[in-house]
Amino acid sequence: MSREIDAQSQLGEALLRSLMRAQLRLAAVVLLLLAGTVGALPLIFVLVPVTRRAHLLGIPLPWLLLGLLVYPVLLGLGWFYVRYAERNEAGFVRLLDRE
Amino acid sequence: MVHTEVGLIAVVAVCLLTLAIGVFGVRVSRTTSDFYVASRSVGPVVNASAIGGEYLSAASFLGAAGLILSQGADALWYSVGWTAGYLVLLVLVAAPLRRSGAYTLSDFAELRLESRAARKVSSVIVVLIGVLYLLPQFQGAGLTLHTLVGAPGWAGSVLVAAVVLVIVVSGGMRSITVTQAFQYWLKLTALVLPLAVLLVHWRHAGGAGAPQLHVADWVEPMQGRYATYLVYSLMVATFLGTMGLPHVVARFYTNIDGRAARRTTIGVLGLLSVFYLLPTVYGVLGRIYSFRLVRSGHTDAVVLELPSDMLHGFGADLLTGLLGAGAFAAFLSTSSGLAVSVAGVLSQDVLRGRSDRVRDFRLATALVVGATLVLLVASTGVPVARAVELAFAVAASTFCPLLLLGIWWRGLTAPGAISGLVAGGTLSTAAVIAALAGYHAPGIAGPLLAQPAAWTAPVGFAVMVGVSLVTAGRRPPGVMRTMVRLHTPEHLDVDRGSFDPERPTARPAEPTAHRGAQRRPATM
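Labelled according to an unreviewed UniProt entry, chain B appears under the name Cation acetate symporter, originating from Flexivirga caeni. Per UniProt, chain B has the following entry under Subcellular location (unreviewed entry): "Cell membrane". Listed under Sequence similarities (unreviewed entry) in UniProt, the entry text for chain B is "Belongs to the sodium:solute symporter (SSF) (TC 2.A.21) family."

What follows is the structure, given as structure tokens:
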């Protein structure tokens, strides 16, 4: 199968395309999650003014979110991405090793 | 003012230690590639620390806390953005960039676009971003030495410039990798220890707040008429700009393969997440004890001034000395990393063609450092974190579209990429120069120029896509081979093309595509 890729045959191109598509889809999922959580915060602050003034555990909510809670979210998204990106690649390698 | 001896000793100690590690620690920079990257022999933990150490600059060590002190909640986005930039980088570029085998963004442009012209244009932008990023480092060094020992503003800048010059010229990248890893932990310690002491003191003093903590337009986010635009534009610049910084890209080459590059990036995310908790606390404590800095406009100094504002005597001097040491570690590590990357590009693409590459590299380093010192004299003192973020805006408008479209879209052509680089680069640079010169445009143009990334980055993307579609006939002939190279795991035995950034040194027998040790038989 890896010769199909070297020869740039239609099959080889389709294989590569499927890998790229899977990785790009995964990236899009992670980026959408990023936009929907961290990226949505300014909009939430503007549209729901109460969130700008709210306190949690004695700390102003925006400070708690931006100063602390954002970071575990970023790490979690990164971990999620690496896990599935490696899975995509393992699938691609299995496909090439077949036959 | 603190007693000057402790601060002076701390700064001199960091400079000497950095020099010692850099010059004598690892004496293996024999070939030119050692100068560019540490021959890929660096493990992931060291590498993640080195990336963190190099990335955490004056802006993170001093500037972030300073902006939080003066602007409050909206300034928290700087730290968030500088971390989230690595997540975006991880998701879209980390592994393909490593697999490309490029040392520099110029290498990437040449590999993907098969065009010398695209390479040249990229090189110009690398130098531009590098100098813009060096500027606030030197500025921060001047401020620090002034705060610590009352030295004139130029003295700290010249000191950092001199140390960077010696390290880079004598050891290159190899020494810097070890130095950078050391710098992360030094910076973290230098912020954590004083903060612990200050917090204990604050508790003992009754954990008091201050009226200026409860001012609505400081404690609440989204302040000012154009806040929504400004915050989102800052997000675009930092989220997308990180991947286009010259010193960040060079670091990725020191990973063994694409998989290691991803894992290293996760490590970096963790290290940055820990570090960026600290400036916020410094900013808040500064609001209580160092509010005078807001009135005088010198908020960048808050991290350094806080101990002497809260404590008295030798203890305060010691803490200030430690913070000064950390700050100098920040300037030295970022500046030397940038100088290596920018000088590499400058020597390869501009000074190239002469006999001695190592000498070209040294000359280029001196040119870059010298040019930055000259610009420093010409610019007005924009807050350090702001100045750094402006360099991010240029990166987000130029190399971000180049990398994303180059990696994920076969249709990108050399004319398209060059037009996009020029359009995005020109617009964002014009805005940055206006900001650095202290120009405030009236009306809606004000925020658009102050924080340009939200419109210059889309322009960069649009021009690249548009011109590429018009010139679809000029797609690079080897684009499929390049895509195989960027996206397939290294241990697969497939043809990845012959691109080799070391080609000028004529080592054709050792292509980077197949690394002998891990090669395995074809499976068919």
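Novice: I tried to follow the overall build of chain B on my own but got confused; where do I start?
Specialist: Assigned secondary structure in chain B consists of 24 helices and zero strands. Here chain B holds 524 residues, and 63% of them are scored as buried. Look at the contacts in chain B between residues 6 or more apart in sequence, and 84% of them connect residues 24 or more apart. Carbon and sulfur atoms make up 68% of the accessible area of chain B, which totals about 17,400 Å².

Novice: Would you mind going over a nonpolar patch on the surface with me for this structure?
Specialist: Residue and element names in this part refer to chain A. A surface patch of nonpolar side chains, amounting to about 510 Å² of accessible area, comprises L43, I44, V46, L47, V48 and V50. At four residues, helix 3 (residues 41–47) tops the list of elements feeding residues into the nonpolar patch. On the secondary structure map, L47 appears in helix 3. When its relative accessible area of 63% is taken as the criterion, L47 is described as exposed.

Novice: Quick question: what am I supposed to make of the packing of aromatic side chains here?
Specialist: Here the distance between the centres and the angle between the planes together describe a pair of aromatic rings. Residues and elements named next belong to chain B. Within the structure shown, the criterion is met by 11 aromatic pairs over all chains. Seen in terms of ring centroids, F275 and Y276 are 5.7 Å apart; in terms of plane orientation they differ by 85°. Their pairing is edge-to-face. As far as the burial class goes, F275 and Y276 line up, both buried. Of the aromatic side chains, those joined through ring pairs into one cluster are Y55, Y78, W82, Y86, Y133, F275, Y276 and F392.

Novice: In this structure, what is going on with the packing of helix 19 (residues 384–397) of chain B against helix 23 (residues 453–470) of chain B? I would like to understand it.
Specialist: How two helices sit against one another is set out by the angle between their axes and by the gap between those axes. All names here are of chain B. One way to put it is that helix 19 packs onto helix 23 with a least axis distance of 8 Å and a crossing angle of 25°. As summarised for this structure, helix 19 and helix 23 are arranged roughly parallel, according to the angle between their axes. Like other packed secondary-structure pairs, helix 19 and helix 23 cross with a definite hand, here right-handed. Here helix 19 contributes A393, A396 and S397 to the contact with helix 23, which in turn contributes A453, T456, A457 and G460.

Novice: Would you mind going over the pattern of salt bridges with me for this structure?
Specialist: Proximity of charged atoms lets side chains of opposite charge pair with each other. Residue and element names in this part refer to chain B. Throughout the structure, instances matching the rule amount to 15 salt bridges over all chains. In this structure, E54 engages R251 in a salt bridge whose closest nitrogen and oxygen atoms are separated by 2.7 Å. With E54 in helix 3 (residues 44–55) and R251 in helix 12 (residues 246–252), the pair connects residues that are 197 residues apart, well separated along the chain. Here the two residues E54 and R251 agree in accessibility, since each one is buried. Between R292 and D309 there is a salt bridge, with its nearest N and O atoms 3.0 Å apart. Linking R292 in helix 15 (residues 292–296) with D309 in helix 16 (residues 302–310), this pair joins segments that are 17 residues apart in sequence. Judged by its relative accessible area of 38%, R292 falls in the partly exposed class. The class for D309 is partly exposed, based on a relative accessible area of 24%. Bridged by salt links that share partners, the residues D107, E110, R116, R119 and D349 form one connected network.

Conventions we followed
Residues numbered from 1 in each chain as written. Chains lettered and ligands numbered in written order. Predicted model: local features only at pLDDT ≥ 70, side-chain atom pairs only at ≥ 80, totals over all residues. Heavy atoms only, no water. UniProt positions renumbered as here; feature names shortened; annotations may be inferred. Helix = DSSP H or I, 4+ residues; strand = E, 2+ residues; numbered from the N terminus. Buried < 20%, exposed > 50% of the residue type's maximum accessible area, 1.4 Å probe, protein only. Contact = heavy atoms within 4.5 Å. Areas by Shrake-Rupley, 256 points an atom, 1.4 Å probe, with all protein chains shown as cover. Patch = residues over 30% accessible without salt bridge, like charges linked within 9 Å, V, L, I, M, F, W, Y side chains within 5 Å. Salt bridge = Lys/Arg side-chain N within 4 Å of Asp/Glu carboxyl O. Phe/Tyr/Trp six-rings, centres within 6.5 Å; stacked < 30°, edge-to-face > 60°. Axes fitted to C-alpha atoms, helices over the stretch in contact; angles between N-to-C directions. Parallel < 35°, antiparallel > 145°, perpendicular 65-115°, else oblique. Left-handed = near helix turned anticlockwise from the far one by under 90°.

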